[in-house]
Amino acid sequence: MTSQPLIQIAPEAPTGLVPSRRAGMPPRHLADLDLPERQAAVAELGEPAFRARQISTHYFGRLVRDPARMTDLPAAARDRIATELLPHLLTPVREVACDGGATRKALWRLHDGSLVESVLMGYPDRVTVCISSQAGCGMACPFCATGQAGLTRNLSTAEIVDQAVHLAGVAASGAVVGSPPRLSHVVFMGMGEPLANYARVVAAVRRLTAPAPEGLGLSQRHITVSTVGLVPAMRRLADEGLSVTLALSLHAPDDELRDELVPVNQRWKVAEVLDAAWHYAERTGRRVSIEYAMIRDVNDQPWRADLLGRLLAGRLTHVNLIPLNPTPGSRWDASPKPVEREFVRRLRAAGVSTTVRDTRGREIDGACGQLAAAEVTG
């Protein structure tokens, strides 16, 4: 296997990665702040503290993102608050849908021109949103369209939260036929490596799960945070007092192959990454999800299934096998179904809970590994 260059880690921020180029962060937004901080912010504007709860109820409780619709606020106060606490963060560029409208991918332009994508997925019993935590990604996984594009910058807490609030509003409008009209699940599996934007992602989780009007009121158990295996950040997350699901993008059980498929493995090897995952499971009591993209003739051999089974047997874990989704320029393809079924059989024979992920959104480049935030011109 060919080797990939080591990802450089900032010494002053060991759980994050240095962006490949710098772009501007957005102005402060309501969703960047907890409720006491919002109260202090409105007081600085000369407004009574109860205005913080008022605007929070609009944004998180009623999913109103446009200050002009907050008509119970005096016009002058509304203008001041809109300028200082409700700046426009996400400009819609394009929305595409498939699965009869049950899967919708939104492309956003941020204030500095960066592009990000998020995906809404409706099911009979739930509505899930897949959100981005970075514009691009610096992990350089060669089978992932986002990783191939490189990293532009981290998103702010509010830019992360605003994706969920907007798509929660889409669900509440009844646009996702056949699904409940309320967002219930959020997965940090869009663009970027969430744990490389650690502080803002954790703050976003707290906004999404805080009761309204401070936050969106989702269950922590309905939030999934993914990682390619940033070990210090995984261990730090275990001590946050959260009960979110940790999803580890493993993709290979051996270091030789994982060094190529997930270049950060050259910094933290499989054994160390899994040890951090088991530490998270022990501290939180939450089952760790192991994500494994099935790539034809690359990582789908029976012996690799057996090795993975030995590594995971007896652990609080579940394996999500992901049929590889096509990305432009990739030399790889999905494993054949008989190979996939044999991989599943061997893992289950080892006592490892295993499922094959539904590849929702493939037709609109909205499935796992396909988000590239490409803007169509002409």
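Now for a look at the structure at hand.

About the thresholds
Residues numbered from 1 in each chain as written. Predicted model: local features only at pLDDT ≥ 70, side-chain atom pairs only at ≥ 80, totals over all residues. Heavy atoms only, no water. Helix = DSSP H or I, 4+ residues; strand = E, 2+ residues; numbered from the N terminus. Buried < 20%, exposed > 50% of the residue type's maximum accessible area, 1.4 Å probe, protein only. Contact = heavy atoms within 4.5 Å. Areas by Shrake-Rupley, 256 points an atom, 1.4 Å probe, with all protein chains shown as cover. Expected span 1.5 Å × (residues − 1). Axes fitted to C-alpha atoms, helices over the stretch in contact; angles between N-to-C directions. Parallel < 35°, antiparallel > 145°, perpendicular 65-115°, else oblique. Nonpolar A, V, L, I, M, F, W, Y, C, P; charged D, E, K, R; others polar. Polar contact = N/O pair within 3.5 Å; in protein donor to acceptor, adjacent residues only side chain to side chain. Core = buried A, V, L, I, M, F, W, Y, C linked by side-chain atoms within 4.5 Å. Phe/Tyr/Trp six-rings, centres within 6.5 Å; stacked < 30°, edge-to-face > 60°. Lys NZ or Arg CZ within 6 Å of the ring centre and 35° of its normal. Arc of directions from axis to C-beta. Pairing = 2+ DSSP bridges.

Observations regarding the overall build of the chain
Thinking step 1. Looking only at helices and strands, one finds eleven helices and twelve strands in the chain.
Thinking step 2. Going through the 378 residues of the chain one by one, you find that 57% of them count as buried.
Thinking step 3. Partitioning the contacts of the chain with sequence separation of at least 6, the portion at a separation of at least 24 is 69%.
Thinking step 4. Put simply, the chain shows about 15,200 Å² of open surface, and 51% of that area lies on carbon and sulfur atoms.

Looking at helix α2 (residues 50-61)
Thinking step 1. Along its twelve residues, α2 runs 15 Å from first to last C-alpha, staying within 8% of the 16 Å computed at 1.5 Å per residue.
Thinking step 2. Among the residues making up α2, those that are buried are R51, A52, Q54, I55, S56, H58, Y59 and F60.
Thinking step 3. The elements touched by buried residues of α2 are α1 (35-44), α3 (75-85), α5 (157-172) and α6 (198-209).
Thinking step 4. Phi for L63, located one or two positions after α2, is positive at around 60 degrees.

Here we look at the packing of helix α7 (residues 231-238) against helix α9 (residues 270-284)
Thinking step 1. At a minimum axis separation of 9 Å, α7 and α9 run at an interaxial angle of 5 degrees. With respect to α9, the element α7 is oriented roughly parallel. Listed contacts from α9 to V231, M234, R235, L237 and A238 of α7 are E272, V273, D275, A276, A277, H279, Y280, R283 and T284.
Thinking step 2. Looking at side-chain class alone, the contact of α7 with α9 contains eight nonpolar, two polar and four charged residues.

Some thoughts on the side chain of T354
Thinking step 1. Of note, T354 is situated in strand β12 (residues 354-356).
Thinking step 2. Engagement of the side chain of T354 in a polar contact is seen with the backbone oxygen of V352, the distance being 3.0 Å.

Quick notes on the nonpolar core
Thinking step 1. Within the largest apolar cluster, 104 residues are counted, with the highest numbers of intra-cluster contacts made by L183, F188, L208, L216, I223, L230 and L261.
Thinking step 2. Looking at this core element by element, the count peaks at nine residues for α5.
Thinking step 3. Discounting residues that sit within four places of it in the chain, I223 has contacts with V186, F188, V205, L208, T209, L218, V244 and T245.
Thinking step 4. Counting residues in hydrophobic clusters, the runner-up holds five residues, among them V119, M121, Y123 and V187.

Thoughts on the packing of aromatic side chains
Thinking step 1. The final tally for this structure, using the stated rule, is two aromatic pairs.
Thinking step 2. With 4.8 Å between their ring centres and 90 degrees between their planes, Y59 and F60 make a pair best called edge-to-face.
Thinking step 3. Since its relative accessible area comes to 1%, Y59 is described here as buried.
Thinking step 4. Ring plane angle 40 degrees and centroid distance 5.2 Å describe the contact between Y292 and F343, whose orientation is recorded as tilted. Linking Y292 in strand β10 (residues 288-294) with F343 in helix α11 (residues 337-349), this pair joins segments that are 51 residues apart in sequence.
Thinking step 5. In this arrangement the basic side chain of R126 is found over the ring face of Y123, its NZ or CZ atom lying 4.0 Å from the centre.

Focus: α3
Thinking step 1. Considered for burial, the residues of α3 that qualify are A77, R78, I81 and L85. The buried residues of α3 occupy an angular sector of 100 degrees when projected down its axis, which confines them to one face. For α3, the exposed residues set more than 90 degrees away from the buried face come down to D79 and T83.
Thinking step 2. At its buried positions, α3 is contacted by α1 and α2.

A look at the sheet that holds strand β1 (residues 91-98)
Thinking step 1. Spatially, ten strands are ordered β1-β2-β3-β4-β7-β8-β9-β10-β11-β12 in an open sheet, and the strand pairing comes out mixed. The open sheet has two edge strands with one neighbour each: β1 and β12. Looking at each pair of strands side by side, their axes are set apart by 20 degrees on average, direction ignored.
Thinking step 2. Inspection of the sheet shows β10 paired to strand β11 (residues 317-323) by seven bridges, in the parallel sense. Note that in β11 the partner of I290 across the bridge is V319.
Thinking step 3. Contacts between α6 and the sheet are confined to β7 (185-188) and β8 (223-227), with β7 contributing the most and set at about 175 degrees to the helix.

Re the side chain of R51
Thinking step 1. The residue R51 is located in helix α2 in this model.
Thinking step 2. Here Q54 takes part through its side chain, which lies 2.8 Å from a polar atom of the side chain of R51.
Thinking step 3. Setting aside chain neighbours within four positions, we find R51 in contact with V42, P74, A77 and I81.

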